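Structural overview for review
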Amino acid sequence: MNKPLLTVVLLLTGLIATAQDLELPKERDPLVNQTISPYANPRINPGKNFRINPKHNWNINPAMNEGINPEKNKVINPKFNKDFSPLHNHSINPMYTFSLHPLSNNNWLGYYMFDKDSKLTGYMVIANQFVILDFDDKGVWRGYLVKTSSNTFNYFNLQDEWTRTFYCEDSMVGFNHFDSAGEWTGNFAK
């Protein structure tokens, strides 16, 4: 392993080891603020609002809209557009740009992620206007999202491969996560 890479790994390991758990602000906690919970607010629930449901709105479904499908549109595919790839663009890689790591930067910008039970599962950090980084609740970097022209986000793993999952805006303050069939996973970000 070369010295610069070893230094980066050691620094990041130290930052994660010393990082404190983030306190969830009450206004961003769906158990406290029910207006941001898709289970309590039908306006942001894709099962009740078909406008934000990709099974009913083809404009936000990459299986039905080639313009937002990274297999059909190379402009939004980080394998072809290296500006969207944290592997090739160090300014959006949290291993090089430590301010993008939610547990080492108290001023990070982004979203908290929740499961079906409104339990915190991770963090989505805005890297730039097109890329959002995905971290689990322990601060482990899992992947990233790339914005489309329909204000949806395709999810990529750390090898720049599209997982066929995607996020759609909830028409209010966050995103809902959908699987490759366009089914809502129940997970959401606020």
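Analysis parameters
Going along each chain's sequence as written, the residues are numbered from 1 onward. For this predicted model, a pLDDT threshold of at least 70 governs which residues receive local features, and a threshold of 80 or more governs which side-chain atom pairs are given and counted, while totals over whole chains, interfaces and linings are taken from all residues. Side-chain calculation: all heavy atoms of the structure are included, whereas hydrogens and water are not. The helix and strand labels rest on DSSP assignments: H or I over at least four residues marks a helix, E over at least two residues marks a strand, and numbering proceeds from the N terminus. Only protein chains enter the calculation, and the probe is 1.4 Å; a residue is then buried if its accessible area is under 20% of its type maximum, exposed if over 50%, and partly exposed in between. Here, residues are in contact when the closest pair of their heavy atoms is within 4.5 Å. In short, Shrake-Rupley with a 1.4 Å probe defines the accessible areas, and a residue's cover is counted only from the protein chains shown. By definition, two strands form a pair when at least two bridges between them are found by DSSP. What makes a salt bridge here is a side-chain nitrogen of Lys or Arg within 4 Å of a carboxyl oxygen of Asp or Glu, nothing more. Lines fitted to C-alpha atoms define the axes here, with helix axes fitted over just the stretch in contact, and angles between the N-to-C directions of these axes take values from 0 to 180 degrees. Take the buried Ala, Val, Leu, Ile, Met, Phe, Trp, Tyr and Cys residues and link them wherever side-chain atoms come within 4.5 Å; each set so joined is a nonpolar core.

This brings us to the overall build of the protein chain. Counting secondary structure elements, the protein chain contains one helix and eight strands. In sequence order, the secondary structure elements of the protein chain are arranged as α-β-β-β-β-β-β-β-β. Looking at the protein chain residue by residue over its 190 residues, the buried ones come to 48%. The long-range share in the protein chain, meaning contacts at least 24 apart out of those at least 6 apart in sequence, stands at 41%. Surface summary for the protein chain: the accessible area is close to 9900 Å², and the carbon and sulfur share equals 53%.

Where burial is concerned, most of strand β4 (residues 141-147) is hidden: five out of the seven residues are buried. With five bridges connecting them, strand β3 (residues 131-136) and β4 associate as antiparallel partners. Within β4, the position partnered with D134 by the bridge is G143. Between β3 and β4, which pair antiparallel one after the other, the connecting turn spans four residues, and G139 there sits at a positive phi close to 90°.

So, on to the pattern of salt bridges. Under the counting rule described, the total for this entry stands at four salt bridges. Its salt-bridge partner being R164, residue E71 comes within 2.6 Å of it at the nearest N-O pair. Of this pair, E71 sits in the loop between α1 (3-18) and β1 (110-114) while R164 sits in strand β6 (residues 162-169), and the two are 93 residues apart along the sequence. A residue is classified by how much of its surface remains accessible, and E71, at 47% relative accessible area, is partly exposed.

Structurally, P102 is set in the loop between α1 and β1. When the C-alpha positions of P102 and V140 are compared, they lie 9.8 Å apart, and in sequence the two are 38 residues distant.

This part is about the sheet that holds β1. Spatially, eight strands are ordered β1-β2-β3-β4-β5-β6-β7-β8 in a closed barrel, and the strand pairing comes out antiparallel. Geometrically, the sheet is characterised by an average inter-axis angle of 30° between neighbouring strands, direction not taken into account. Here five bridges tie β4 to strand β5 (residues 152-157), and the two strands are oriented antiparallel to one another. Residue K147 lies in a different strand from β5, and its bridge partner there is F153.

Here we take up the nonpolar core. Ranked by size, the top nonpolar core spans 19 residues in total, and within it Y123, A127, V131, L133, F135 and Y144 carry the most contacts. Elements with a minimum of two residues in this core: β1, β2 (120-126), β3 and β4. Formed by 10 residues, the second largest nonpolar core is a distinct cluster that contains M124, I132, F153 and Y155.

In this section: the side chain of T185. Looking at the element boundaries, T185 is found in strand β8 (residues 184-189). Once residues lying within four places of it in the same chain are set aside, the contact partners of T185 are K116, H177, F178 and D179.

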